[in-house]
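Examination of the molecular architecture
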Amino acid sequence: MRLRRIAVWSILVLLVSTATAGIWLWTADLGFVKTHVERWVSDTTGRDFAIDGQFSVDLAGQSTVIAEDIRFSNAVWAETPQMITVGRAEVRIDLWSIFSGPFIIELIDVDGVGLNLVAREDGDPNWVLNLPPKKESQPIESDETVFGILIRQIDIDDVQAVFQSPDRDGPLHLDLEYFDQQHRSDDFLEIRSKATLNNRKIVLDGEAGTWAALLNGKDVRYAVEAQFDSFELSSEGRIDDIREPNHPSLVFKGTGPDINDLSKMLNIAAEGKGDIDVSASLGPADDGSLILAVAGNIGQTNIEASGAFSGLQDLNNVDLNLLAAGPDLGRLSNLVGIKLSEKSP
């Protein structure tokens, strides 16, 4: 009888202790783990990582992580000591989505970012890290959407980024004033951004949704308008299946008065002539096939393409016609990494 009482009381004490620990983890501020986080990142990447300001972890219903004055050191050969600095970052997640999927991040709020990216001819760029090799693992089959992570709201302000490469005439300076994403009352995500690249204006306005469609990964609609200096781009459409698109429907339009405006923005030698005017569409026909049409010019290079597919998931039976000709063709192909032979038109 006494042994039974001891067993009962032992079980009760264990249950109470477990519940108390769980409640404490759920409600406590776990900021004391900052030192362990700094050490783990530093040991894993081989570079110094530090959170010099506040670090707070709250595992309540919408779990929140806040960190201030973050710095991640640069490669030893780089001229600047830090590759990344962040004034403040807050991430809020839906903890229950870990179990139901997809993983939902309710908020990403970042302010005061400095980013230095450097490529070089005789070695890896500074963003390549000497990470430990990953263990081979078998792929996991899942019915989840391709969006393993979905973000409901983004608020990024004041980003200063510099990219240097021997392939360019000079560094690229990006000054991002803001990048915002909001979940609207009509269940669409609204995206807005304003920035300058080498003192040339960049503006982005778009939408995607619905949120329910993004969660399911099917029948996602989008629309986007963007301005890159004098170059304007617009596109809208519907994607039938994010994971395995088969019969999407979309239109695209890109225009600009001078191809060299883009070259100057990207610090690429301005050698082309003429304007940019390209239109494209992709969509299903009445017979169920998928029809592609592209027409226009990029500088003095004329482009025409047309094709028919049974679907994007079956490219064995494709009827595609492509014509591209003009004095700028070789230069344009080099920009996208295609080397043409001397016999190419």
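1. Focus: the side chain of glutamate 90
- With respect to the helices and strands, glutamate 90 occurs in strand 4 (residues 82-94).
- Taking the relative accessible area as the measure of exposure, glutamate 90 reaches 11% and is therefore buried.
- A polar contact of 3.1 Å, which involves the side chain of glutamate 90, links it to the side chain of arginine 88.
- Leaving out residues up to four positions away in the same chain, glutamate 90 has contacts with Thr64, Val65, Ile66, Leu107, Ile108 and Asp109.

2. A look at the environment of alanine 208
- With respect to the secondary-structure elements, alanine 208 resides in strand 10 (residues 200-209).
- Judged by its relative accessible area of 18%, alanine 208 is buried.
- A C-alpha to C-alpha distance of 6.7 Å links alanine 208 and alanine 223, two positions 15 residues apart in sequence.
- The residues touching alanine 208, leaving out its near neighbours within four places in the chain, are Phe188, Leu189, Leu214, Arg221 and Tyr222.

3. Looking at the confidence of the model for the protein chain
- On average, residues of the protein chain carry a pLDDT of 82, and 79% of them reach 70 or more.
- Under a pLDDT of 50 for its full length, residues 3-29 has, in the predicted model, 16 contacts with residues more than four places off or in other chains.
- Every residue in residues 334-340 is under pLDDT 50, and counting partners more than four places away or in other chains gives 6 contacts.

4. Concerning the environment of aspartate 111
- Tracing the backbone through its elements, the reader meets aspartate 111 in strand 5 (residues 103-118).
- Sequence separation between aspartate 111 and arginine 88 is 23 residues, and the spatial gap between their C-alpha atoms is 5.3 Å.
- Non-local contacts of aspartate 111, meaning those with residues more than four positions away in its chain, are made with Val86, Gly87, Arg88 and Asp157.

5. Quick word on the nonpolar core
- Grouped together as the largest cluster of nonpolar side chains are 24 residues, with contacts concentrated most on Phe49, Ile51, Ile70, Val86 and Val110.
- Among the elements of the structure, strand 1 (49-51), strand 2 (55-58), strand 3 (62-73), strand 4, strand 5, strand 8 (172-183) and strand 9 (188-197) are those that each provide at least two residues to this core.
- With residues near it in sequence (within four places) discarded, isoleucine 70 still touches Phe49, Ala50, Ile51, Ile84, Thr85, Val86 and Ala89.
- Counting 8 residues, the second-largest nonpolar core is a separate cluster that includes Ile104, Leu189, Leu214 and Val220.

6. Topic: the pattern of salt bridges
- If you walk through the whole model with that rule in mind, you get 14 salt bridges.
- Glutamate 106 is the salt-bridge partner of arginine 152, the closest N and O atoms lying 2.7 Å from each other. Of this pair, arginine 152 sits in the loop between strand 6 (149-151) and strand 7 (154-164) while glutamate 106 sits in strand 5, placing them 46 residues apart in sequence.
- Arginine 152 gets classed as partly exposed once you look at its relative accessible area, which sits at 22%.

7. Remarks on the side chain of serine 73
- With respect to the helices and strands, serine 73 occurs in strand 3.
- In this structure serine 73 touches Arg47, Asp48, Pro81, Gln82 and Met83, once residues within four positions along its chain are discounted.

8. So, the pairing of strand 15 (residues 290-298)
- Two strands pair when backbone bridges link them, and strand 14 (residues 276-284) and strand 15 are joined in this way by 9 bridges, in the antiparallel orientation. Note that in strand 15 the partner of glycine 283 across the bridge is isoleucine 291.
- Bridge count between strand 15 and strand 16 (residues 301-311): 9 bridges; the pairing is antiparallel. Across the sheet, residue isoleucine 298 finds its bridge partner in strand 16, namely threonine 301.
- Remark: 2 residues form the turn of the hairpin made by strand 15 and strand 16, two consecutive strands paired antiparallel; glycine 299 in that turn has positive phi of roughly 65°.

9. Considering the environment of asparagine 130
- Topologically, asparagine 130 is positioned in the loop between strand 5 and strand 6.
- According to the relative accessible area criterion, asparagine 130 is exposed, its value standing at 70%.
- Residues in contact with asparagine 130, not counting those within four places in the same chain, are Thr44 and Thr45.

10. Observations regarding the packing of aromatic side chains
- With the rule as written, the count across this model stands at 1 aromatic pair.
- Ring centres of tryptophan 127 and phenylalanine 163 lie 6.2 Å apart, and the angle between their planes is 45°; this geometry places the pair in the tilted category. On the criterion of sequence distance, the pair formed by tryptophan 127 in the loop between strand 5 and strand 6 and phenylalanine 163 in strand 7 is long-range, its members being 36 residues apart.
- The ring centre of tryptophan 77 lies 4.0 Å from the NZ or CZ of arginine 120, which sits over that ring.
- Here the guanidinium or amino end of arginine 152 rests over the ring plane of tryptophan 211, the centre of that ring lying 4.5 Å away.

11. Brief notes about the pairing of strand 17 (residues 314-325)
- Here strand 16 pairs with strand 17 via 9 bridges, running antiparallel. Within strand 17, the residue paired with asparagine 302 across the bridge is alanine 325.
- Connecting the antiparallel pair strand 16 and strand 17 is a turn made up of 2 residues.

12. Overview of unusual backbone geometry
- Residue threonine 210 is reached from glycine 209 by a cis peptide bond, and omega for that bond is 5°.
- Mapped onto the fold, threonine 210 is located in the loop between strand 10 and helix 4 (211-216).
- A positive phi angle, near 50°, is found at asparagine 198, a position not held by glycine.
- Structurally, the position occupied by asparagine 198 is in the loop between strand 9 and strand 10.
- The residue asparagine 199 is not glycine, and still its phi comes out positive at about 65°.

Here is what the cut-offs are and how they apply
Residues numbered from 1 in each chain as written. Predicted model: local features only at pLDDT ≥ 70, side-chain atom pairs only at ≥ 80, totals over all residues. Heavy atoms only, no water. Helix = DSSP H or I, 4+ residues; strand = E, 2+ residues; numbered from the N terminus. Buried < 20%, exposed > 50% of the residue type's maximum accessible area, 1.4 Å probe, protein only. Polar contact = N/O pair within 3.5 Å; in protein donor to acceptor, adjacent residues only side chain to side chain. Contact = heavy atoms within 4.5 Å. pLDDT = per-residue confidence, 0-100. Core = buried A, V, L, I, M, F, W, Y, C linked by side-chain atoms within 4.5 Å. Salt bridge = Lys/Arg side-chain N within 4 Å of Asp/Glu carboxyl O. Pairing = 2+ DSSP bridges. Phe/Tyr/Trp six-rings, centres within 6.5 Å; stacked < 30°, edge-to-face > 60°. Lys NZ or Arg CZ within 6 Å of the ring centre and 35° of its normal.

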